[in-house]
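Inside the fold
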Amino acid sequence: MGMFGVLDISAAGMDVQQARLEVAASNIANARTTGKDGATYKPLAVVVRSAIAEAQGPAGTATTVANLPVPVVTQVVQQDVAPKLVYDPGHPDADARGMVALPGVDPVSSMLDLISISRGYEANLRAFDVTRSLLQRTLDLGRNR
Amino acid sequence: MLNTDPVLALLSRALDAAALRQSVHATNVANVDTDGYRRLEVIYSAEQQRLSAGAPAMDANEALAWAQAEPEVVESADTRVKLDQEMAQMAENAVRYQALLGAIERTLGLLRTAARDGRE
């Protein structure tokens, strides 16, 4: 595989950050999504596994450049977070006591997630760029005569 | 050609090792959010460490014999990936890689000069 395959791994890393971004955006956008009988939007989370570990199990063979672990989003799960109850008797989704169940989205941790996603994406992009430029310079070897 | 000149062979082995390091750093960065991921690193075998400790001065052929052992990819002692450290090590390794490329370039230049009887 050599260094060319590493570009795919960095791309997979960017895909993972993109999936995290979509989930975080969905959580923030649905922070006030309510439903009948307290059936509110449940905050989502991504599960990221390495493709090699999935295929070979925990006791895999020795890692070489040919089987470096590639991250993949295996599933998007609903987090079991208790809804926040807000008193709003005029709301169509309010229960008998006038309480409305809002999703348990924590705005602070959502914003922190956005920062960490941004850093993760940048790091993968930088790694991709370094690999690409090293490959480019290697291909230019012996070019100037 | 690359296998007949010991200096070029040595440089290309070192270049392979630097390329492997770049691959491993990029993999660590890509897996920063992977559940249960343990940071990978490149190490040299115990045999190589013994040789490098015991032999202060090596000529190119000795060094080449030393470089024949394959570097290994193993799980690191500190299992968490730290993005800043990973990026710093990647930058350092990239500089080393480019230095090696420069050395190969100049060695090829010498051979080219020799092949042209010293004429430019």
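The text that follows walks through the structure, step by step, so that each part is easy to find. (Residues numbered from 1 in each chain as written. Chains lettered and ligands numbered in written order. Predicted model: local features only at pLDDT ≥ 70, side-chain atom pairs only at ≥ 80, totals over all residues. Heavy atoms only, no water.)

All right, on to the overall build of chain A then. On a plain count of helices and strands, chain A comes out with three helices and four strands. Helices and strands appear in chain A in the N-to-C order α-β-α-β-β-β-α. What you see for chain A is a C-alpha radius of gyration of 22 Å, clearly larger than the 15 Å of a compact globule of 145 residues, by over 25%. Projected onto its principal axes, the C-alpha positions of chain A cover 85 × 40 × 20 Å. The buried share of chain A, taken over its 145 residues, is 33%. In chain A, the proportion of contacts linking residues at least 24 apart, taken out of those at least 6 apart, comes to 64%. Counting 13 positive and 14 negative side-chain charges, chain A places the centres of these two groups 8 Å from one another. (Helix = DSSP H or I, 4+ residues; strand = E, 2+ residues; numbered from the N terminus. Rg over C-alpha atoms; globule rule 2.2 N^0.38 Å. Buried < 20%, exposed > 50% of the residue type's maximum accessible area, 1.4 Å probe, protein only. Contact = heavy atoms within 4.5 Å. Lys, Arg positive; Asp, Glu negative; His and termini not counted. Charge placed at Lys NZ, Arg CZ, Asp CG, Glu CD.)

What follows is about the packing of helix α1 (residues 2-29) of chain A against helix α3 (residues 107-139) of chain A. Residues and elements named next belong to chain A. Put simply, α1 and α3 touch, their axes get as near as 9 Å, and they point 165° apart. Regarding the angle of α1 to α3, the classification is roughly antiparallel. The hand of the α1/α3 crossing is left-handed. A breakdown of the residues in the contact of α1 with α3 according to their chemical character gives 17 nonpolar, nine polar and three charged. (Axes fitted to C-alpha atoms, helices over the stretch in contact; angles between N-to-C directions. Parallel < 35°, antiparallel > 145°, perpendicular 65-115°, else oblique. Left-handed = near helix turned anticlockwise from the far one by under 90°. Nonpolar A, V, L, I, M, F, W, Y, C, P; charged D, E, K, R; others polar.)

Looking now at the packing of α3 of chain A against helix α4 (residues 83-115) of chain B. Taken N-terminus to C-terminus, the directions of α3 of chain A and α4 of chain B make an angle of 10°; their axes are 11 Å apart at the nearest point. Taken together, the axes of α3 of chain A and α4 of chain B are roughly parallel relative to one another. Across from Arg-119, Gly-120, Ala-123, Arg-126, Ala-127, Val-130, Leu-134, Arg-137 and Thr-138 of chain A in α3 of chain A, the residues of α4 of chain B making contact are Leu-83, Met-87, Met-90, Ala-94, Tyr-97, Gln-98 and Leu-101 of chain B. Counted by class, the contact of α3 of chain A with α4 of chain B contains ten nonpolar, three polar and three charged residues.

Residue-level contacts link 34 residues of chain A with 28 residues of chain B. Summing the contributions of chain A and of chain B, the shared interface buries around 2500 Å²; its carbon and sulfur component is 66%. Here chain A is connected to chain B by two salt bridges. Here Asp-33 of chain B and Arg-20 of chain A are joined by a salt bridge, their closest N and O atoms 2.8 Å apart. (Buried area = accessible area lost by both parts, 1.4 Å probe. Salt bridge = Lys/Arg side-chain N within 4 Å of Asp/Glu carboxyl O.)

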